Structures are given as C-alpha cells and as structure tokens.
Amino acid sequence: MIIRIWGVRGSSPVPLSPGELQKKINAVINLVKPDDLINDASKQRFLANLPPDIRTTVGGNTACIEVRTAKNRVLLLDMGTGLREFEKHRIHSSEKIDEYHIFLTHFHYDHLHGLPFFSPLYNPQVQVHFYSSLPLAEKFFSQFMAEPYHPVGWDSFTAKIDFHILQEGEQMQIDSASISWIPRVHPGGAIAYKIVDNDRIMIYSTDTQLSEKDFQKTPQNLSFFQGADLIIHDAQYTIDEAIAKYDWGHSSYSHAVGFAREFGIKKLLLFHHDPMNSDTKLEDILQSARLLNSRLKNSTDMEVDIAREGMEIEL
Ligand SMILES: [Zn+2]
Ligand SMILES: [Zn+2]
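Keep in mind it's a predicted model, so treat the numbers as computed, not measured.

**Comments concerning the domain arrangement of the protein chain**
Under the domain assignment, the protein chain is made up of domain 1 (2-15 + 57-314) and domain 2 (18-54). Each of domain 1 and domain 2 has a C-alpha centre, and these two points are 33 Å apart. Contacts between the two partners involve 4 residues from domain 1 and, on the opposite side, 4 residues from domain 2. Classifying every residue of the side of domain 1 that touches domain 2 by side-chain character gives no nonpolar, 2 polar and 2 charged.

What follows is the structure, encoded as structure tokens:
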C-alpha cells in the first residue's frame, strides 16, 4: 500500500504568505557560507542540512490523502484543497485513472473544498464511488454544488457516480483491500477509516476529539486500532489549546502520541495542522511530540512524524 499526503491543514487553506517566504530566504542568506557555494555537491549538502522550516513548508492545503492499494486501486480520503495537488500529480504523470473510490470523514468545508474542481467528475468515461456514513450525503453534495455557492450544479457532473451509504459495522472490499470505519467525537460527527491490504494496516482518524473513552481497551477499540502500522491522526492543538478549546472537536499532539502508543501503533503522523501555526511552530510541535514519545515509560519503537504535502509512505 502506498500513501501520499496531498493536504494536511485543518479548517482553512493556508498559503505561504510573502512575508513568510521572505523570512525563509533571509534565514538562508544568514546561514550560507562561502564554502557551501564551491560546487553543486556543496550547495546540495547545504540545502539538505537546512532546518525543514527554512528549507520547505509542511504545506497549506486542507485534508486529502491518496491510498494506492496493492492492486493499484485509487482510494482518496477526503476532498480538501489537497485534491488539486493530487490532480496536478496525476496530470503530470499522464496516468489514466478511470475509477476512483472517495471516502469522506464528514462534510466540513476543509474536507470538501476540492469537490467542485475535481475534473474526473466531468468525464463520462470515469466512475466515481463516494462513501459516507451520512444517509443524506447525496443531498448535501447537491446543495454544496448549487447557486449561490458554485456557478454550476450537481447535474454538470458527467462521470458515472455511485453513492455508498456506510452501515454500522460494514466492511467494504475493494480488490485486496478491506475498509472499515468507526464513529469519532466531532461537532456534527465524523468517522475514521481503517484500510487493511496485504496484511498492512493504515488508519485515518482526523477531526477527532480524543477522550477517556477512546483510551479504553474495549473490544471495538482494540479490533479497530490495535497494532496498526500507521495512524494519521488529528493533532491540531497543543495541550493548552486543547484545554482552552475543549469540545471544539480536535485533539492535542500529546493526546495523539498517548493514544497511538496505547494501541501499539507503529507510526503516528500528526495531521490537521492548525491554520494559525507557522512552519516553525509545527516543527516545534513535532520535536515536542518526539520528545514525549521517547520519554514515556515502556518505550515502544513507535515512530512520530508530521504530515507534509507531497510525503509518500509505503507500507
Ligand atoms: Zn477538518
Ligand atoms: Zn471537521
């Protein structure tokens, strides 16, 4: 299974501002030394050694993740503005994809912004399967795709579209991959997905306010979370913010670390970054999350990283 991250932000898109770009350039100028510029190899070495908040950006698009199954089926998790990055990549690679399986966690704008501009929906040769736990999903979509919010309506989609309303406990099979889901605590409700393919397990649990109940080793929690290879988890807040924004429906990175460790998950990817957080703050959060992970008792080998646009993970 291959996982590609195309959108990482929560709530709203966050393009890099001119001021932030200028700050990165200034930092590079202050760090570079004459020896770094001797030849191409020394330049590349200098760039590779720069701190990530200077060298790059985690990205500013909202939630969208691509999963390629072992049989190369295309599964998309959420349709935030990261969907445009997915499409750019597909167009650039000239890959012809005639079937998409799109799984929605919920219908907040940051998970749906990409829908009206997703060009395969305007192609009659393409089949698109949508999956949602909301019985009125199709109605919500057509309301979203209507005046005055968008100039063309739902009818303008010419692709073959199927809606699958997920039933409680339902497990779907797409070739070798099986996909299940579980409800999460979030305003208006949201769901997490688990994809199992070739004995590898990835979980996508964004827009989740972790609470005591989630840490309990209930049969449901154990069967869904225990021993996953990867969890992409909501980590929008610091612990202070999580207290101040109690019941806003998101988790702190510390809770995400504790939760993933509790269920013996091998890798945690911090996700749904707060739109107010700069690259520097996000790198600080990553370092703090790694420190917490290493200091907790009964240390496991869990790896902690932060979701960055363009990241690719092979499980
Ligand atoms: Zn969100
Ligand atoms: Zn949400």
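**Considering helix H10 (residues 279-295)**
Compared with the 24 Å implied by 1.5 Å per residue over 17 residues, the 24 Å span of H10 between its first and last C-alpha is a close match. Taken together, the buried positions of H10 are Asp279, Leu282, Ile285, Leu286, Ala289 and Asn293. For H10, the buried positions fall inside an angular range of 115 degrees around the axis, keeping them on one side. The exposed residues of H10 that point more than 90 degrees off its buried face are Gln287, Leu291, Ser294 and Arg295. Residues of H10 that are buried make contact with helix H3 (52-55), helix H9 (253-262), strand E12 (267-271) and strand E13 (303-306).

**Examining the nonpolar core**
In this structure, Ile65, Ile102, Tyr193, Met202, Leu268 and Leu270 are the most contacted members of the largest nonpolar core, which totals 65 residues. Setting aside residues no more than four positions away along its own chain, Tyr193 makes contact with Leu77, Phe103, Ile179, Trp181 and Tyr204.

**Brief notes about the sheet that holds strand E2 (residues 64-68)**
Read across the open sheet, the 7 strands follow the order E6-E5-E4-E3-E2-E1-E14; overall the sheet is mixed. Where the open sheet ends on each side, the last strands, each with one partner, are strand E6 (160-165) and strand E14 (312-314). The sheet shows a mean angle of 20 degrees between the axes of neighbouring strands, direction not considered. Sheet analysis places strand E1 (residues 2-7) next to E14, joined by 3 bridges and oriented antiparallel. Bridging from a neighbouring strand, Arg4 pairs with Glu312 of E14.

**Structural notes on helix H1 (residues 18-31)**
Helix length check: H1 (14 residues) gives 20 Å between terminal C-alpha atoms against 20 Å at 1.5 Å per residue, within 8%. Of all 14 residues that make up H1, 0 are buried, and the element is exposed over most of its length.

Parameters and conventions
- Residues numbered from 1 in each chain as written.
- Chains lettered and ligands numbered in written order.
- Predicted model: local features only at pLDDT ≥ 70, side-chain atom pairs only at ≥ 80, totals over all residues.
- Domains from an automatic or database assignment.
- Contact = placed C-beta atoms within 7 Å.
- Nonpolar A, V, L, I, M, F, W, Y, C, P; charged D, E, K, R; others polar.
- Helix = DSSP H or I, 4+ residues; strand = E, 2+ residues; numbered from the N terminus.
- Expected span 1.5 Å × (residues − 1).
- Buried ≥ 20, exposed ≤ 12 C-beta atoms within 10 Å, placed from the backbone.
- Arc of directions from axis to C-beta.
- Core = buried A, V, L, I, M, F, W, Y, C linked by C-beta atoms within 7 Å.
- Pairing = 2+ DSSP bridges.
- Axes fitted to C-alpha atoms, helices over the stretch in contact; angles between N-to-C directions.

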